[in-house]
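Chain by chain, the residues run as shown.
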Amino acid sequence: MQTVRNLDVLRTSVAALREDGASIGLVPTMGALHEGHLTLVRRAREVCDHVVASIFVNPTQFGPNEDLDAYPRTFDADAALLDAEGCALLWAPDVATMYPDRFATSISVSGVSEGLCGASRPGHFDGVATVVAKLFNQVRPTQAFFGEKDYQQLAVIRTMARDLDLTHPNPDAIIGVPTVREADRLAMSSRNRYLSPADREAAATLPRAMREAIARIEDGQEVAPTLAMLEDELLGAGFGEVDYVVLADAGSLAPLDALSNGAARLLVAARIGGTRLIDNMAIAR
Ligand code: PAF
């Protein structure tokens, strides 16, 4: 695997990989890789000739009181994992390469970015959209792979890619990969490593309580009291703050107070021991 830190070298190396029409799969990450990321790489390898992964802890998607400085940085271990998974190239730019002096552009996707995490993390999705648009322009992938764990992020990126023709002419170039979970069903996340052993144990309440709420809703029970019960269960298990518990249309992310004809998703964000966890699951009609 070639590790590249310079944009000109990236362009030349990706052009060489693309020779003879080979396809390029892009897996953007912020490092601190776990099985969820490696699943993205494996999926990309299945459908593309070459995989380019990126590691860049993007400062513009962190708010002033968020964990940018404390965000885990495990570059050497990450590079070894990507190499072992058969990545062809690791793109690892520094902040000055991504955001040179007088950088003044921001991409803002309205609608899908506004509720849920967008409401409690102002500017977060502008930062994500801007950096992902840059990565697309830098690598020009055939397809790009993102985890469904960050379901709203995936919706924002799909909307941006379509609106800005970033993956034209392939409307299906953004691939969402199902969430990878620990044995107790907690969604894998780089932030799980912040949890104390007691909080880690309590955190497993999140996927369990979500599945119970989904079973009730699928069974025909009313949505609002079921979501309130889920929130109470999280607070009772040791979560300090529940940011949102929302049933939403799976495409537009508009909140629903009952199941409708379209696909629906249950989305939750909650804090335990200072760590903010998010999860989402599909609901059958
Ligand atoms: O999901 C992430 O790790 C980041 O938000 C992404 C997509 C790499 C953009 O910085």
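Residues numbered from 1 in each chain as written. Predicted model: local features only at pLDDT ≥ 70, side-chain atom pairs only at ≥ 80, totals over all residues. Heavy atoms only, no water.

**Q** Mind showing me how you'd approach the confidence of the model for the protein chain here?
**A** Low pLDDT marks regions whose predicted coordinates should not be analysed in detail. Scored by pLDDT, the protein chain has a mean of 97; 100% of the residues are at 70 or more. Of all helices and strands in the protein chain, the one with the weakest mean pLDDT is helix α5 (residues 116-120) (96), whereas strand β4 (residues 89-91) scores best (99). (pLDDT = per-residue confidence, 0-100. Helix = DSSP H or I, 4+ residues; strand = E, 2+ residues; numbered from the N terminus.)

**Q** Help me out: how do you make sense of the packing of helix α6 (residues 124-139) against helix α7 (residues 151-163) in this one?
**A** Helix-helix packing is described using two parameters, namely the angle between the two axes and the distance between the axes. Interhelical geometry of α6 versus α7 gives an angle of 50° and a closest axis separation of 10 Å. Taken together, the axes of α6 and α7 lie oblique to each other. Pair α6 / α7 crosses with right-handed handedness. Touching Phe125, Val128, Ala129, Val132 and Ala133 of α6 are Gln152, Gln153, Val156, Ile157 and Met160, all from α7. For the contact of α6 with α7, the per-class residue count stands at 8 nonpolar, 2 polar and no charged. (Axes fitted to C-alpha atoms, helices over the stretch in contact; angles between N-to-C directions. Parallel < 35°, antiparallel > 145°, perpendicular 65-115°, else oblique. Left-handed = near helix turned anticlockwise from the far one by under 90°. Contact = heavy atoms within 4.5 Å. Nonpolar A, V, L, I, M, F, W, Y, C, P; charged D, E, K, R; others polar.)

**Q** For this particular structure, what's the right way to read the side chain of Thr179?
**A** Topologically, Thr179 is positioned in the loop between β6 (174-177) and α8 (197-203). A distance of 3.2 Å separates a polar side-chain atom of Thr179 from the backbone nitrogen of Lys149. Among all residues touching Thr179, those that are not within four sequence positions of it are Glu148, Lys149 and Ala187. (Polar contact = N/O pair within 3.5 Å; in protein donor to acceptor, adjacent residues only side chain to side chain.)

**Q** Sorry if this is basic, but what is going on with the pairing of strand β9 (residues 275-283) here?
**A** For a regular strand, side chains alternate in direction, first toward one face of the sheet and then toward the other. The buried fraction of β9 is high, at 8 of 9 residues. Two strands pair when backbone bridges link them, and strand β8 (residues 264-272) and β9 are joined in this way by 9 bridges, in the antiparallel orientation. Bridge pairing in β9 places Ala270 opposite Leu277. The antiparallel pairing of β8 with β9 creates a hairpin that spans 2 residues between the two strands, and Gly273 there sits at a positive phi of about 55°. (Buried < 20%, exposed > 50% of the residue type's maximum accessible area, 1.4 Å probe, protein only. Pairing = 2+ DSSP bridges.)

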